[in-house]
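Breakdown of the fold
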Amino acid sequence: MTPEQIIKSFLVVLRTKPNLFSESATKALKTLEQDIVAAENESNQAILNILSRWCNRYPEIGEAVQAGTRGKATPEASQSQGDENILENQFPREFPRLVESLEKRLKSENPKN
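Summary of the structure given here.

Rules and cut-offs
Within every chain, residues take consecutive numbers counted from 1 along the sequence as written. Since the coordinates come from a predicted model, pLDDT governs what is reported: local features require at least 70, and pairs of side-chain atoms require 80 or more to be given and counted, while whole-chain, interface and lining totals use all residues. No hydrogens and no water enter the side-chain calculation; it runs on all heavy atoms of the structure. Strands here mean DSSP runs of E at least two residues long; helices mean DSSP runs of H or I at least four residues long; both are numbered from the N terminus. Exposed residues in this analysis have more than 50% of their type's maximum accessible area, buried residues have under 20%, and partly exposed residues fall in between, with area computed by a 1.4 Å probe over protein chains only. For accessible areas, the Shrake-Rupley method is used with a probe of radius 1.4 Å. Any residue's cover is judged against the shown protein chains and nothing else. One less than the number of residues in a helix, times 1.5 Å, gives the span that helix is expected to have. For helices, the axis comes from a line fit to the C-alpha atoms of the stretch in contact; other axes are also lines fit to C-alpha atoms, and the angle between any two N-to-C directions lies between 0 and 180 degrees. Here the word oblique covers every angle except those under 35 degrees (roughly parallel), over 145 (roughly antiparallel) and from 65 to 115 (roughly perpendicular). Only heavy atoms enter the contact rule, under which two residues are in contact if any of them lie within 4.5 Å. Three classes are used, and their members are as follows: Ala, Val, Leu, Ile, Met, Phe, Trp, Tyr, Cys and Pro are nonpolar, Asp, Glu, Lys and Arg are charged, and the others, Gly among them, are polar. Salt bridge, as used here: a side-chain nitrogen of Lys or Arg that lies within 4 Å of a carboxyl oxygen of Asp or Glu. Each polar contact in these results corresponds to two N or O atoms within 3.5 Å; when the atoms are within protein, one needs to be able to donate a hydrogen and the other to accept it, and residues that are neighboring in sequence are counted only if both atoms are side-chain atoms. Two rings from Phe, Tyr or Trp (for Trp, the six-membered ring) form a pair when their centres sit within 6.5 Å of each other. Planes less than 30 degrees apart are called stacked, planes more than 60 degrees apart edge-to-face, and all others tilted.

**Description of the overall build of the protein chain**
Helix and strand counts for the protein chain come out as seven helices and zero strands. Walking the protein chain from its N terminus toward its C terminus, one meets helices and strands in the order α-α-α-α-α-α-α. The buried share among the 113 residues of the protein chain stands at 42%. When the accessible surface of the protein chain is summed, it comes to about 6900 Å², and 48% of that surface belongs to carbon and sulfur atoms.

Rendered as structure tokens:
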């Protein structure tokens with residue numbers, strides 16, 4: 001699997017599986033965001049290494065990311081269900097630089113694929 005597949009899968013998990021993020025994982029997202037933004041000029045492999053180290057600390061999240069790369073994609077959020085939607089969108093709002101930085105990598109890589 002390519003670094004781009006892992007990055008894309010991580011974004012899907014971040015957006016659709018807020019229940020996997022424990023309180024400590026949620027707090028650690030701030031550090032992850034800083035690390036990813038700081039590595040802006042690094043390769044996607046370097047970003048993959050940062051994501052992998054982070055996911056190793058949170059096995060449930062790492063397993064969900066891996067499942068997404070094997071074609072067992074983490075399901076997209078279904079219909080809105082009240083408070084569940086608030087949770088679903090919590091991380092993209094709280095960590096916009098993380099999401100933007102990872103999305104920008106995917107967009108810049110697409111023409112090369």
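Moving on from the coordinates now.
**A look at the environment of Val99**
Within the secondary structure, Val99 is located in helix H7 (residues 96-109). By relative accessible area, which is 7% here, Val99 ends up buried.

**Regarding helix H1 (residues 3-16)**
For H1, spanning 14 residues, the distance from its first C-alpha to its last is 20 Å, which sits close to the expected 20 Å at 1.5 Å a residue. Among the residues making up H1, those that are buried are Pro3, Glu4, Ile6, Ile7, Ser9, Phe10, Leu11, Val12, Val13, Leu14 and Thr16.

**Some thoughts on the packing of helix H3 (residues 44-57) against helix H4 (residues 59-69)**
Their axes nearest at 5 Å, the elements H3 and H4 cross at an angle of 130°. The angle between H3 and H4 places the two elements in the oblique class. Facing H3, whose interface residues are Trp54, Cys55, Asn56 and Arg57, H4 presents Pro59, Ile61, Gly62 and Val65. Among the residues forming the contact of H3 with H4, the class breakdown is five nonpolar, two polar and one charged.

**Overview of the pattern of salt bridges**
Tallied over the entire structure, the rule returns four salt bridges. A salt bridge links Glu23 to Lys27; the shortest N-O distance between them is 3.3 Å. With Glu23 and Lys27 both in helix H2 (residues 23-38), this residue pair falls four residues apart, about one helical turn. Put simply, Lys30 and Glu33 hold a salt bridge, and the shortest N to O gap is 3.0 Å. Placement of both Lys30 and Glu33 in helix H2 is noted, with a separation of three residues, approximately one turn of the helix.

**Some details on the side chain of Thr69**
Structurally, Thr69 can be placed in helix H4. Here Thr69 falls in the buried class, since its relative accessible area comes to 16%. Of the polar contacts made by the side chain of Thr69, one reaches the backbone oxygen of Gln66; its length is 2.7 Å. With residues up to four places along the chain from it excluded, the contact list for Thr69 reads Met1, Gln5, Ile6 and Ser9.

**Quick word on the side chain of Glu33**
For Glu33, a relative accessible area of 2% puts it in the buried group. Setting aside its immediate chain neighbours within four residues, Glu33 contacts Phe95, Pro96, Arg97 and Leu98.

**Things to note about the packing of aromatic side chains**
With the rule as written, the count across this model stands at five aromatic pairs. Consider the rings of Phe21 and Trp54, whose centres lie 6.2 Å apart with planes at 35°: the pair is tilted. Placement of the pair is Phe21 in the loop between H1 and H2 and Trp54 in helix H3, with a sequence separation of 33 residues. Of the residues examined, Trp54 reaches a relative accessible area of 5% and is grouped as buried. Seen from their ring centres, Trp54 and Tyr58 are 4.7 Å apart, and the 45° between their planes marks the pair as tilted. Residue Trp54 shares its accessibility class with Tyr58, and that shared class is buried.

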